[in-house]
Amino acid sequence: MRATIVCIKKEMTEQVRSGRLVILGMVFVLFGIMNPAVAKLTPWLLTAMADTMAETGMTVTVSDPTALDSWAQFYKNIPMALIVFVLVEGAIFTREYTSGTMILSLTKGLKRYKVVVSKALILILLWTACFILCFGITYAYNEYYWDNSVAGSLAFSAFCWWLFGIFVIGLLVLFSAVLRSGMAVLGACGAVVFAMSLANMAKKITEVLPIYLTEGQALICGRVEKGSFTAAIAISIAISFICMAAAVLVFNRKQL
Amino acid sequence: MILHIDGLYKSFGDKEVLKGLCMDVPEKSVFGFIGKNGAGKTTTMKTVLGLIRPDKGEIRVNGEKVTYGNTATNRYIGYLPDVPEFYPFMTAREYLTFCGEVTGMEKKAMESRTDELLELVGLKDEKHRIKGFSRGMKQRLGIAQALFGRPKLLICDEPTSALDPVGRREVLDILSAVREQTTVVFSTHILSDVEKICTDVAFIENGVISISGKLSDIKKRYRNDKYILETETPEGICAVLKAFPSAKESGGNMLTFSEKDESVKEIMLFLVENDISIVKLEKAEPTLETLFLEVTGK
Ligand SMILES: Nc1ncnc2c1ncn2[C@@H]1O[C@H](COP(=O)(O)OP(=O)(O)O)[C@@H](O)[C@H]1O
Ligand SMILES: [Mg+2]
């Protein structure tokens, strides 16, 4: 237990001193501010353009923005934020393979599963903090300018998206245990998500795929029911656990 | 025996690196593990640490069997890899503290051990992060981290190879200073390093150990009756070679001969009679170099 805590502490120090924490913080804060800002500015831009449009014979009707527009931006932008997160943290294991820093800790009798656990935990912690930061900022602005109550199931939709992030982290950890290079890990994670979005087009399996969790926009508009997420949530949690467990088993036998 | 290796085999693809390697390292020795580049030194050491799965063979550390992956025997071992890399964002002190914490050492003991080791390797006043360390500094920090848990066996992979003479001297001094506390195994292809500090040696050649034992015994065993003769001119060497065909030319107006084949007196007489002026005629001390060449048959 103590060794795990030491490892988590070390990972945190690395996040801080390597500047990764700052990058992630800035990106997620930026996205958090951008969502309401874009929602607020779009009508204004359209009005500004309306005059020139009118000259060419087009009429633009501008409706007042609501919190829903801002949340629409949130669900449009959060995938980008997750991609940035994966790009910044994708080499958390492989960096230590190529440099050989991990060998030294392991040959001191550090149990291998503790390395996996500490890195997985730090990823989950970072993702959770970043997600809450981004969500919180958007929420606060929305509350200030408009009214968040127009968005239905807001907390639930956010939870689903957060869980999708955890699922991706599960993939990241598993592929990091299996593969050696950071690029390969990123590629593998991307391939799985891409394959899911392709499969997503086949309507029948849609609701069981983890990628269904990213339908937050449909949820807050009331286009889909909360209940339809049960399968995707259960499956995502299960897959995340399986990925982490498999990562431990694979990593125990990995040649470093 | 602190380390016992029996019939170790390992291939990478169809390249056989170890072909039944057997080696015994006695306790409290400074053990030189000698071989050319690519001979399989790193492979052997990593197998001892459970980092490489052998195809066949058994390794025991302090009597306990080594298993691949999480091996409990690593608690007896301190390891310095050939190119040690540490977390660049830490300072030397922070890194050693991390090592202590990982091994579950008590805080008090850890701090005093950290101080002691930083002193030993001369990094006590180094406040910079490891990012800016030189090869030699990393190598010394590497020894400190390997020694941290007071291992019974210290394994160093080519600790001196990439260093300049000063750095090499420092590392050798540290290694011979710790021999009271632990058994040291280090691999190298630099024979003079071995001669300076080793008590025992093993030569790895073609995937097996070709000679091993106490350095003094080996030197005695191979203590040859070899002489070296150097003349002033190449003609002198030619003349001697012609008269004493068993002598071997060794380049640069020099030849070597063995007392078994030729009497030294006769050669001296020949030199005088033929008025060959010489630079030197001396008995050759067996160096590891000559042993090594003899072993590898070159
Ligand atoms: N992971 C590996 N895959 C393939 N070949 C390897 C691997 N590791 C080592 N080798 C080969 O095994 C031989 C021995 O390597 P090594 O043990 O590093 O030698 P040394 O440390 O004595 O210089 C070399 O020819 C090297 O190319
Ligand atoms: Mg080597």
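All values reported here derive from a predicted model rather than from experimental measurement.

### Observations regarding the overall build of chain B
Phase 1: Each helix and strand in chain B was counted, giving ten helices and 14 strands.
Phase 2: Referenced to the eigenvectors of the C-alpha coordinate spread, the extents of chain B come out at roughly 80 × 45 × 35 Å.
Phase 3: A burial count over chain B gives 51% of its 298 residues as buried.
Phase 4: At a minimum sequence separation of 6, the contacts of chain B that also span at least 24 residues come to 65%.
Phase 5: When the accessible area of chain B is evaluated, it comes to approximately 13,800 Å², of which 50% is carbon and sulfur surface.
Phase 6: Considering chain B, the positive charge centre built from 42 side chains and the negative charge centre built from 45 side chains are found 6 Å apart.

### Digging into the site of ligand 1
All names here are of chain B.
Phase 1: All residues in the neighbourhood of ligand 1 are listed as Phe12, Lys15, Val17, Lys36, Asn37, Gly38, Ala39, Gly40, Lys41, Thr42 and Thr43.
Phase 2: Separating an oxygen atom of ligand 1 from a side-chain N or O atom of Thr42 is a distance of 2.6 Å.
Phase 3: Protein chains shield 62% of the accessible area of ligand 1, which is 560 Å² for the free molecule.
Phase 4: Secondary-structure elements contributing two or more residues to the shell around ligand 1 are strand E2 (15-25) and helix H1 (41-48).
Phase 5: Ranked by residue count, the leading element in the shell around ligand 1 is H1, at three residues.

### Observations regarding the domain arrangement of chain B
Residues and elements named next belong to chain B.
Phase 1: Annotation of chain B at the domain level lists domain 1 (3-221) and domain 2 (226-296).
Phase 2: A separation of 40 Å is found between the C-alpha centroids of domain 1 and domain 2.
Phase 3: In total, about 950 Å² of surface goes out of reach between domain 1 and domain 2, with carbon and sulfur atoms giving 82% of it.
Phase 4: Broken down residue by residue, the surface that domain 1 buries against domain 2 is led by Leu191, Phe203 and Lys219, which jointly contribute 47%.

### Details of the interface of chain B and chain A
Phase 1: Taken together, the contact pairs 30 residues of chain B with 27 residues of chain A.
Phase 2: One can count two salt bridges joining chain B with chain A.
Phase 3: Of the charged contacts in the structure, one is a salt bridge between Arg17 of chain A and Glu94 of chain B, with a shortest N-O distance of 2.8 Å.
Phase 4: Counting every contact that joins chain B to chain A gives nine residue pairs in polar contact (both at pLDDT 80 or more).

### Observations concerning the sheet that holds strand E5 (residues 64-65) of chain B
Residue and element names in this part refer to chain B.
Phase 1: Reading across the sheet, the four strands line up as E2-E1-E4-E5 and stay open at both edges, with antiparallel pairing between neighbours. Each edge of the open sheet is held by one strand with a lone partner, namely E2 and E5.
Phase 2: Across five bridges, strand E1 (residues 3-12) lies against strand E4 (residues 56-61) in antiparallel orientation. Residue pairing in the sheet places Asp6 in a bridge with Glu58 of E4.
Phase 3: Packed on one face of the sheet, H1 meets E1, E2 and E4 and runs near 120° to E1.

### A look at the sheet that holds strand E14 (residues 278-283) of chain B
Phase 1: If you trace the four strands from one edge of the open sheet to the other, you get E12-E13-E11-E14 (chain B), paired in antiparallel fashion. This sheet does not close on itself; its edge strands, each paired only once, are strand E12 (248-249) and E14 of chain B.

### Focus on the side chain of Glu89 of chain A
Residues and elements named next belong to chain A.
Phase 1: Within the secondary structure, Glu89 sits in helix H3 (residues 67-89).
Phase 2: Buried charge Glu89 goes without a salt bridge, the closest partner of opposite sign being Arg20 at 5.0 Å.
Phase 3: Residues in contact with Glu89, not counting those within four places in the same chain, are Gln15, Arg20, Leu24, Leu123, Leu126 and Leu172.

### What about the packing of H3 of chain A against helix H7 (residues 154-178) of chain A?
Residues and elements named next belong to chain A.
Phase 1: H7 packs onto H3 with a crossing angle of 20° between their chain directions and a minimal axis gap of 11 Å. Overall, the two elements H3 and H7 adopt an arrangement that is roughly parallel. As for how H3 packs across H7, the hand of that crossing is right-handed. Where H3 approaches H7, its residues Trp71, Tyr75, Ile78, Pro79, Leu82, Phe85, Val86 and Glu89 are matched on the opposing element by Leu154, Ser157, Ala158, Trp161, Phe164, Gly165, Val168, Ile169 and Leu172.
Phase 2: When the residues that make up the contact of H3 with H7 are grouped by side-chain class, the tally is 14 nonpolar, two polar and one charged.

### A few points about the pattern of salt bridges
Phase 1: Under the criterion given, the structure shown has 24 salt bridges over all chains.
Phase 2: One salt bridge connects Glu14 of chain A with Arg20 of chain A, and the closest N-O pair in it is separated by 3.9 Å. In terms of burial, Glu14 of chain A and Arg20 of chain A fall into one category: buried.
Phase 3: A salt bridge links Arg169 of chain B to Asp173 of chain B; the shortest N-O distance between them is 3.0 Å. Within this pair, Arg169 of chain B and its partner Asp173 of chain B are both found in helix H5 (residues 165-177), separated by four residues, close to a single helical turn.
Phase 4: Residue classification places Asp173 of chain B among the partly exposed positions, given a relative accessible area of 36%.
Phase 5: Because the salt bridges share partners, they merge into one network encompassing Lys10, Glu11, Glu14, Arg20, Arg95, Glu96 and Lys119 of chain A.

### Brief notes about the packing of aromatic side chains
Residues and elements named next belong to chain A.
Phase 1: Applying the stated criterion to the full structure yields 29 aromatic pairs over all chains.
Phase 2: With a centroid separation of 5.2 Å and an interplanar angle of 65°, the aromatic rings of Tyr144 and Tyr145 are classed as edge-to-face.
Phase 3: Taken together, the ring pairs connect Phe28, Trp71, Phe74, Tyr75, Phe85, Trp127, Phe131, Phe135, Tyr139, Trp161, Phe164 and Phe167 into an aromatic cluster.
Phase 4: When the ring centre of Phe251 is taken as reference, the NZ or CZ atom of Arg112 above it lies at 5.9 Å.
Phase 5: The residue whose ring lies beneath Lys119 is Phe93, and the NZ or CZ to ring-centre distance is 5.8 Å.

### Let's talk about empty space enclosed by the protein
Phase 1: Applying the stated criterion across every chain yields a total of two cavities of 30 Å³ or more.
Phase 2: Roughly 80 Å³ of internal volume is contained in the largest cavity.
Phase 3: Lining the largest cavity are Cys7, Lys10, Glu11, Glu96, Met102, Ser105, Leu110, Val115, Ser118 and Lys119 of chain A together with Tyr87 and Phe98 of chain B.
Phase 4: Looking at the lining of the largest cavity, the elements that each hand over two or more residues are helix H1 (2-17), helix H5 (101-106) and helix H6 (112-145) of chain A.
Phase 5: Taken together, the residues that form the lining of the largest cavity break down as six nonpolar, two polar and four charged.
Phase 6: The computed volume of the second largest cavity comes to approximately 40 Å³.
Phase 7: Considering the residues around the second largest cavity, the lining is formed by Leu3, Ile5, Met23, Phe33, Thr44, Met45, Val48, Ile155 and Val185 of chain B.
Phase 8: Of all the elements in the fold, those that place two or more residues in the lining of the second largest cavity are E1 and H1 of chain B.
Phase 9: The greatest single-element share of the lining of the second largest cavity, amounting to three residues, is contributed by H1 of chain B.
Phase 10: When its residues are assigned to classes, the lining of the second largest cavity shows eight nonpolar, one polar and no charged.

Procedures and definitions
Residues numbered from 1 in each chain as written. Chains lettered and ligands numbered in written order. Predicted model: local features only at pLDDT ≥ 70, side-chain atom pairs only at ≥ 80, totals over all residues. Heavy atoms only, no water. Helix = DSSP H or I, 4+ residues; strand = E, 2+ residues; numbered from the N terminus. Buried < 20%, exposed > 50% of the residue type's maximum accessible area, 1.4 Å probe, protein only. Contact = heavy atoms within 4.5 Å. Areas by Shrake-Rupley, 256 points an atom, 1.4 Å probe, with all protein chains shown as cover. Lys, Arg positive; Asp, Glu negative; His and termini not counted. Charge placed at Lys NZ, Arg CZ, Asp CG, Glu CD. Near = heavy atom within 4 Å. Polar contact = N/O pair within 3.5 Å; in protein donor to acceptor, adjacent residues only side chain to side chain. Domains from an automatic or database assignment. Buried area = accessible area lost by both parts, 1.4 Å probe. Salt bridge = Lys/Arg side-chain N within 4 Å of Asp/Glu carboxyl O. Pairing = 2+ DSSP bridges. Axes fitted to C-alpha atoms, helices over the stretch in contact; angles between N-to-C directions. Parallel < 35°, antiparallel > 145°, perpendicular 65-115°, else oblique. Left-handed = near helix turned anticlockwise from the far one by under 90°. Nonpolar A, V, L, I, M, F, W, Y, C, P; charged D, E, K, R; others polar. Phe/Tyr/Trp six-rings, centres within 6.5 Å; stacked < 30°, edge-to-face > 60°. Lys NZ or Arg CZ within 6 Å of the ring centre and 35° of its normal. 1 Å grid on protein atoms, 1.4 Å probe; cavity = no way out; pocket = protein on both sides within 12 Å on 5 of 7 lines; lining within 4 Å. Points joined across faces, edges and corners; volume = space filled by probe spheres on them.

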